[in-house]
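# A closer look at the structure
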Amino acid sequence: MQQLVELLAKHATSGSNDPSIQQLSGRELEILQLIAHGHTNKEISKMMFLSVKTVEAHRSKIHKKLHLKTRADAVDYALRHKLLDL
């Protein structure tokens, strides 16, 4: 959780003029990061103690809010917005 707070703070102070990331809830941002790290919906559900359907619902909301079509788009978005610590 602390890592998520630090990530949100870093993005808020980065001067980005892309407000789309701010539309995501903390849970959606966390799931976006896990997707970008290559985890499947099933893996994410186990890691976060959620049902696969709940993860799929969050993923769908992420795609809608950020205008993404594929998982590859989500990875690209996360990389471009420095949401991953590589």
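Keep in mind it's a predicted model, so treat the numbers as computed, not measured.

### Describing the pattern of salt bridges
- Counting across every chain of the model gives two salt bridges.
- A salt bridge links Glu28 to Lys65; its shortest N-O distance comes to 2.8 Å. Linking Glu28 in helix α2 (residues 26-36) with Lys65 in helix α4 (residues 52-66), this pair joins segments that are 37 residues apart in sequence.
- A salt bridge links Asp76 to Arg80, with the shortest nitrogen-to-oxygen separation between them at 2.8 Å. With a gap of four residues between them, Asp76 and Arg80 both fall in helix α5 (residues 71-80), about one helical turn apart.
- Residue classification places Asp76 among the partly exposed positions, given a relative accessible area of 39%.

### Focus: the nonpolar core
- Judged by nonpolar contacts, the single largest core of 19 residues is most densely connected at Leu24, Leu32, Ile44, Ile62, Leu66, Tyr77 and Leu83.
- Those elements giving two or more residues to this core turn out to be α2, α3 (41-48), α4 and α5.
- Once residues within four sequence positions are removed from consideration, Ile62 is found in contact with Leu24, Glu28, Ile31, Leu32 and Leu68.

### Observations concerning the packing of α3 against α4
- Running from N to C, α3 and α4 point in directions that differ by 110°, and their axes come no closer than 8 Å. Taken as axis vectors, α3 and α4 run roughly perpendicular relative to one another. Two packed elements cross with a definite hand, and for α3 against α4 that hand is right-handed. Here α3 contributes Asn41, Lys42, Ile44 and Ser45 to the contact with α4, which in turn contributes Val52, Val55, Glu56 and Arg59.

### Re unusual backbone geometry
- Phi is positive for Phe49, which is not a glycine, with a value near 55°.
- Positionally, Phe49 belongs in the loop between α3 and α4.
- Judged by relative accessible area, which is 76%, Phe49 ranks as exposed.

The rules we used
Residues numbered from 1 in each chain as written. Predicted model: local features only at pLDDT ≥ 70, side-chain atom pairs only at ≥ 80, totals over all residues. Heavy atoms only, no water. Salt bridge = Lys/Arg side-chain N within 4 Å of Asp/Glu carboxyl O. Helix = DSSP H or I, 4+ residues; strand = E, 2+ residues; numbered from the N terminus. Buried < 20%, exposed > 50% of the residue type's maximum accessible area, 1.4 Å probe, protein only. Core = buried A, V, L, I, M, F, W, Y, C linked by side-chain atoms within 4.5 Å. Contact = heavy atoms within 4.5 Å. Axes fitted to C-alpha atoms, helices over the stretch in contact; angles between N-to-C directions. Parallel < 35°, antiparallel > 145°, perpendicular 65-115°, else oblique. Left-handed = near helix turned anticlockwise from the far one by under 90°.

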